[in-house]
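Remarks on the overall topology
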Amino acid sequence: MRFSRFSTLTHSLSAFSAFASNSIFRRLPLTLPPPPPPPSATSRAVLRSMPSIPFLGSLFSSSATAKSDDMSFPDQRPESEWQAVLNPQQFRVLRQKGTEAPFTGAYDKHFAEAGVYRCVGCEAPLYKATHKFKSGCGWPAYFDSVPGAVKRNVDNTLGMERTEIVCSNCGGHLGHVFKGEGYATPTDERHCVNSISLKFSADDEAAAAKDAAEAKAKA
Ligand SMILES: [Zn+2]
């Protein structure tokens, strides 16, 4: 009898144990997960400062840089005026940084003994005829420019870093300059310029021819 009651008791205990282990109690976590930590003083400060971050970004954007560059050109004609003096193709290249198709420009294969290539927009002398060399690239190529006539900007378009060259006087886009290509020139630089950005002036050529004629007459 005692044994029987004991047996019943142990049976009941094991039954309860089985119930407990299979019941909803087992699915209840023994300890509650810790509550999410309150935002720290640092993260609250970061959240408060978030709205100012886009403003900071704009200070370093390329458009902000370009704007400050524009202000440094002596010729400050507005775009509306450039549109009036340049034809649409010239405007697209000079003022909108376009590129003419290779092997199509007027000066690609133009070589002269003397003379100067001027900016088609403002007529500033940019390159001397003696700076030009045959690169075979499809655009006029110069190994150097008239001192100070050309300004360089970093150009990150087309997924690469290039050096853009513009007219120092009016900011008109000329093309790009490439270095270290191995051309047998004094600088190992190639100013790759759109013909449409240029206007050849034979003034120097005429003067040189006159000098030559006078020298011949004296001889
Ligand atoms: Zn110019």
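Residues numbered from 1 in each chain as written. Predicted model: local features only at pLDDT ≥ 70, side-chain atom pairs only at ≥ 80, totals over all residues.

Just so we agree on the cut-off: UniProt positions are given in the numbering used here, feature names are shortened, and annotations may be inferred rather than shown by experiment.
The name given to the protein in an unreviewed UniProt entry is Peptide-methionine (R)-S-oxide reductase, and the organism recorded there is Ophiostoma piceae. Per its UniProt entry, the protein bears the Sequence similarities (unreviewed entry) comment "Belongs to the MsrB Met sulfoxide reductase family." Quoted verbatim from the Catalytic activity (unreviewed entry) field of UniProt, the annotation for the protein is "L-methionyl-[protein] + [thioredoxin]-disulfide + H2O = L-methionyl-(R)-S-oxide-[protein] + [thioredoxin]-dithiol".

1. Quick notes on the overall build of the protein
The test is simple: Starting at the N terminus, helices and strands are each numbered in turn, a helix being any DSSP run of H or I of at least four residues and a strand any DSSP run of E of at least two. Any residue whose C-beta has 12 or fewer other C-beta atoms within 10 Å is treated as exposed, any with 20 or more as buried, and any in between as partly exposed, C-beta atoms being built from the backbone. C-beta atoms are first placed from the backbone for all residues, and any pair lying within 7 Å is then listed as a contact.
Counting its regular elements, the protein contains eight helices and nine strands. Counting every position in the protein, which comprises 219 residues, the buried fraction comes to 22%. Taking contacts inside the protein between residues at least 6 apart in sequence as the whole, the part at least 24 apart equals 56%.

2. Notes on the sheet that holds strand β4 (residues 141-142)
Consider a sheet: its strands pair through backbone hydrogen bonds, and that pairing is either parallel or antiparallel. Quick reminder of the rule: Only strands that DSSP links by at least two bridges are regarded as paired with each other.
With antiparallel pairing, six strands are arranged side by side in an open sheet as β3-β4-β8-β7-β6-β5. Looking along the sheet, the strands with just one partner apiece sit at the ends: β3 (132-133) and β5 (150-155). With five bridges joining them, strand β7 (residues 173-179) and strand β8 (residues 189-193) adopt antiparallel strand pairing. Of the residues in β8, the one forming a bridge with His176 is Cys192.

3. Details of the nonpolar core
Using the following cut-off: When buried Ala, Val, Leu, Ile, Met, Phe, Trp, Tyr and Cys residues are joined through C-beta atoms within 7 Å, the set is termed a nonpolar core.
Tyr117, Leu126, Cys167, Leu174, Val193 and Leu198 are the most contacted members of the largest nonpolar core, which totals 27 residues. When contributions to this core are tallied by element, the ones reaching two or more residues are α7 (88-94), β1 (116-119), β2 (125-128), β4, β6 (162-167), β7, β8 and β9 (198-201). Discounting chain neighbours no more than four positions away, the residues touching Leu198 are Tyr107, Tyr117, Arg118, Val120, Pro140 and Val193.

4. Some points on unusual backbone geometry
The residue Phe103 is not glycine, and still its phi comes out positive at about 65 degrees. Mapped onto the fold, Phe103 is located in the loop between α7 and β1. Although it is not a glycine, Leu158 sits at a positive phi angle of roughly 60 degrees. The residue Leu158 is located in the loop between β5 and β6 in this model.

5. Quick notes on the sheet that holds β2
To be explicit about the condition: Every axis in this analysis is a line fitted to C-alpha atoms, fitted for helices over the stretch in contact. Angles between the N-to-C directions lie between 0 and 180 degrees.
The strand order β2-β1-β9 describes an open sheet built from three strands, whose pairing is antiparallel. In this open sheet, the two edge strands, each paired with only one partner strand, are β2 and β9. The mean angle between the axes of side-by-side strands here comes to 30 degrees, regardless of whether they run parallel or antiparallel. The pairing of β1 with β9 spans four bridges and is antiparallel. Bridging from a neighbouring strand, Arg118 pairs with Lys199 of β9.

6. A few points about the pairing of β1
In this structure, β1 lies alongside β2, joined through three bridges in antiparallel fashion. Bridge pairing links Arg118 to Pro125 in β2. Following β1, the chain reverses through five residues before pairing antiparallel with β2; Glu123 in that reversal takes a positive phi of roughly 70 degrees.

7. Overview of the environment of Leu94
Locating Leu94 in the fold gives a position in helix α7. You can call Leu94 buried: it has 25 C-beta atoms within 10 Å. Between the alpha carbons of Leu94 and Gly121 there is a distance of 7.8 Å; along the sequence they are 27 residues apart. Residues within four places of Leu94 in sequence aside, it is in contact with Leu86, Gly121, Gly172, His173 and Ser197.

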